[in-house]
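Coordinate inspection notes
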Amino acid sequence: MADQTTFSVTVLGAGPAWSDRPGSSGASYLVRSGRTAVLLDLGQGSFPRLAQAIEPSALDAVVVSHLHPDHFIDLIPLRHYLAYQVTPPRSVRVIAPEGIAERLDSLHDQQGFAAQSLRCEPHPAEPIQVGELSLESIRVTHTADSRAVRVATSDGAGLVYSGDCGVAEDLAPLIRRGDTLLVEVSFGAGPVPPGPLHLDAPAVAGLVRETRPGAVLLTHLQMGLDRAAPVEIVQSAIDGDVRLVEPGDEIDLRGT
Ligand SMILES: [Zn+2]
Ligand SMILES: [Zn+2]
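Overview of the structure. (Residues numbered from 1 in each chain as written. Chains lettered and ligands numbered in written order. Predicted model: local features only at pLDDT ≥ 70, side-chain atom pairs only at ≥ 80, totals over all residues. Heavy atoms only, no water.)

**Remarks on the pairing of strand S12 (residues 215–219)**
To keep it simple, the criterion reads: Here the term buried applies to any residue with accessible area under 20% of the maximum for its type, exposed to any over 50%, and partly exposed to those in between, with areas from a 1.4 Å probe on protein chains only. Secondary structure elements are taken from DSSP: a helix is a run of H or I of four residues or more, a strand is a run of E of two residues or more, and numbering for both begins at the N terminus. The criterion for strand pairing is that DSSP finds at least two bridges linking the strands in question. The handedness rule is simple: strands pointing away from the viewer, and a clockwise path from the first strand over the helix to the second, make the crossover right-handed.
Most of S12 sits inside the fold, with 5 of its 5 residues counted as buried. Of the two faces of S12, the one carrying Ala215, Leu217 and Thr219 and the one carrying Val216 and Leu218 are both buried. Two strands pair when backbone bridges link them, and strand S11 (residues 180–184) and S12 are joined in this way by 5 bridges, in the parallel orientation. Each residue of the ladder has a partner; that of Thr180, found in S12, is Ala215. With helix H5 (residues 201–211) bridging S11 and its parallel neighbour S12, the resulting β-α-β unit is right-handed. Looking at chain direction, S12 and strand S13 (residues 242–244) are connected through 3 bridges and run parallel.

**Quick look at the coordination of the zinc ion (ligand 1)**
To keep things clear, this is the line we draw: Only N, O and S atoms count as donors, using a 2.8 Å limit from the metal and a wider 3.2 Å limit for Na, K and Ca, and since water is excluded some coordination spheres may look unfilled. In these descriptions, tetrahedral denotes four donors with every angle between 85 and 135 degrees, square planar four donors and octahedral six donors with opposite donors over 155 degrees apart and the rest between 65 and 115, and irregular any other case.
Within the protein, the atoms that donate to the zinc ion (ligand 1) are Asp70 (OD), His71 (NE2), Asp164 (OD) and His220 (NE2), at distances of 2.1 to 2.2 Å. Coordination at the zinc ion (ligand 1) is irregular: its 4 donor atoms span angles of 88 to 158° at the metal. Site description for the zinc ion (ligand 1): donor spacing in sequence, D-H-x92-D-x55-H. Between the zinc ion (ligand 1) and the zinc ion (ligand 2), both coordinated by Asp164, there is a metal-metal distance of 3.6 Å. One end of the pair, Asp70, is in helix H2 (residues 69–72); the other, Asp164, is in the loop between strand S10 (158–161) and S11, with 94 residues separating them in the sequence.

**A closer look at the packing of aromatic side chains**
Rule in force here: Under the pairing criterion, centres of Phe, Tyr and Trp rings, with the six-membered ring standing for Trp, must be within 6.5 Å; the plane angle then separates stacked pairs below 30 degrees from edge-to-face pairs above 60, leaving the rest tilted.
Counted under the stated rule, the structure contains 2 aromatic pairs. Ring centres 5.1 Å apart and planes at 55° place the aromatic pair Tyr29 and Tyr161 in the tilted group. Here Tyr161 lies in strand S10 and Tyr29 lies in strand S2 (residues 28–33), a separation of 132 residues in the sequence. When sorted by exposure, Tyr29 lands in the same class as Tyr161, which is buried. Taking 5.6 Å as the distance between ring centres and 55° as the angle between the ring planes, the aromatic pair formed by Phe47 and Tyr81 counts as tilted. Here the residue Phe47 occupies a position in helix H1 (residues 47–53), and Tyr81 occupies one in helix H3 (residues 75–85), the gap between them amounting to 34 residues. In this structure, Phe47 and Tyr81 share a single accessibility class: buried.

**With respect to the environment of Ser154**
Structurally, Ser154 can be placed in the loop between strand S9 (146–152) and S10. Owing to a relative accessible area of 77%, Ser154 belongs among the exposed residues under this scheme. For the pair Ser154 and Leu107, spaced 47 residues apart in sequence, the C-alpha separation works out to 39 Å.

**A short note on the coordination of the zinc ion (ligand 2)**
At 2.1 to 2.3 Å from the zinc ion (ligand 2) lie its protein donor atoms, namely His66 (NE2), His68 (ND1), His142 (NE2) and Asp164 (OD). Around the zinc ion (ligand 2) sit 4 donor atoms; with metal-centred angles ranging over 92 to 163°, the donor geometry is irregular. The sequence pattern describing where the donors of the zinc ion (ligand 2) fall on their chain is H-x1-H-x73-H-x21-D.

**What to know about helix H4 (residues 100–108)**
In plain terms, the rule: It is the directions from the helix axis to the C-beta atoms whose arc is reported.
Along H4, the positions that sit buried rather than exposed are Ile100, Leu104 and Asp105. Projected down its long axis, H4 shows its buried positions confined to an angular sector of 135°, all on one face. Turned more than 90 degrees off the buried face of H4, the exposed positions are Glu102 and Ser106. A positive phi of about 55° marks Asp109, the residue just after H4.

**Topic: H3**
As a reminder, the rule being used: By the convention used here, residues are in contact when the closest approach between their heavy atoms is within 4.5 Å.
Residues of H3 that are buried: Leu75, Ile76, Leu78, Arg79, Tyr81, Leu82 and Ala83. The inward-facing, buried residues of H3 contact H1, strand S4 (61–63), H2, strand S5 (92–95), H4 and strand S6 (118–121).

Without other data, these values stay purely geometric and don't point to any function.
Next comes the structure, spelled out in structure tokens:
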């Protein structure tokens, strides 16, 4: 056990799409193992926390789950930082749904804006290696191209991140027994009203009973909802640790 590489996630932002709570910023989770750093999403307001946690140009990759702004809009300050704050300018690999560069170019009204500092590529069809971590993604029900991702160490410890997801069952193929599951619970104790493609705690509890992750990190809870009830509901389905994460949380993925 002593030779195991470190494996942790730092919560930079825990969503949701909007908030009236100062300090609550868009989805962003920094996963580190050994010398490798992979960022999962970069939603509104989370770039400053990223810059506090790590030199942004040292990221091995940014992985964007889907093209809703609360999951990618702070790529714009990241792009500016890489272009103007770092000498010489650097670029970072961005694994994202097709069309992200065009979205960013359009927001800035400048062709080639994203490409100057962000090396955008689509989600891989097969698992890939990013530094010391393997990365696998699958489509989930939310936007036309929304992904859940699993990042894992060479000895098999894994973190599965749901992104935004409307059908809990979609996540099941990605979860290995004992993984840590970082999962959206937008509608808290539920129910999810007709229309939005998001999850509630009963749906997550059902998934957890079936797939047996070792621990569950709940996130992306909409403002104004009870914060204790979803934890209690999911905890009833699992012996391992269940918590609602907050920006600033640093979680040892081997210790949860
Ligand atoms: Zn979202
Ligand atoms: Zn979304």
